[in-house]
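As a plain string of letters, each chain reads:
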Amino acid sequence: MDKLLVAVIMGSKSDWETMRSADETLTRFDVAHECKVLSAHRTPGALSDYIADAERRGAEVFIAAAGGAAHLAGVIAAQTLVPVLGVPMESQSLKGLDSLLSMVQMPGGIPVGTLAIGKAGATNAALLAVAILANTRPELREKLQQFRDEQAQKVLNETLT
Ligand code: RP5
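These lines cover the structure that appears in this document, whether it is placed above or below.

What follows is about the overall build of the protein. From N to C terminus, the protein includes 6 helices and 5 strands. The secondary structure elements of the protein, listed N-terminal to C-terminal, are β-α-β-α-β-α-β-α-β-α-α. Here the C-alpha coordinates of the protein stretch approximately 50 × 40 × 30 Å along the principal axes. The buried share of the protein, reckoned over its 161 residues, is 43%. Long-range contacts, defined as pairs at least 24 residues apart, comprise 66% of the intrachain contacts of the protein with a sequence gap of at least 6. For the protein, the exposed area adds up to about 9,000 Å²; of that, 54% sits on carbon and sulfur atoms.

In structure tokens form, the structure reads like this:
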């Protein structure tokens, strides 16, 4: 049984190019995670089985990426008490506005923490997952502080020519 803290689920392999950023960020922080393609409408049974399995293995955060009528994050949130962070994918027709609105407009009662459209959202979902885990893990909190410090230093070192 592999150790798991964050389960990253995307509705299609076509989401992977964007969701690599979440994977890379979680890897950078050494957070036990895995990335899976499972769809709320194409593989509903397998999705439910995976949610239960991920919970059993200790997952403390789900990250869900989907595009278009992006119901994946909401469907996951309906089946778990573990926090769900949603990343709207940039769709071809509406540039991700459809994904964002589908994901962010959850009716009151079943929350999905929705991030920005695309790569920024993928990176931030991972960083937010790290922050959630860091509440009870001082070593992870330290790494997150270091990341913030480095980011700030980069800005302060900028020169304009
Ligand atoms: C959603 O539909 C996926 O999350 C993806 O963003 C979008 C398009 O999927 P494909 O048609 O590329 O498989 O389910």
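Before going further, it helps to examine the site of the ligand. Contacts to the ligand come from Gly11, Ser12, Ser14, Asp15, His41, Arg42, Ala66, Gly67 and Met89. One nitrogen or oxygen atom from the side chain of aspartate 15 is found 2.6 Å from an oxygen atom belonging to the ligand. One of the backbone N or O atoms of glycine 67 is found 3.1 Å from an oxygen atom in the ligand. Here the ligand has 360 Å² of accessible area as a free molecule, and 67% of this is covered by the chains.

Reading guide: rules and limits
- Residues numbered from 1 in each chain as written.
- Predicted model: local features only at pLDDT ≥ 70, side-chain atom pairs only at ≥ 80, totals over all residues.
- Heavy atoms only, no water.
- Helix = DSSP H or I, 4+ residues; strand = E, 2+ residues; numbered from the N terminus.
- Buried < 20%, exposed > 50% of the residue type's maximum accessible area, 1.4 Å probe, protein only.
- Contact = heavy atoms within 4.5 Å.
- Areas by Shrake-Rupley, 256 points an atom, 1.4 Å probe, with all protein chains shown as cover.
- Near = heavy atom within 4 Å.
- Polar contact = N/O pair within 3.5 Å; in protein donor to acceptor, adjacent residues only side chain to side chain.

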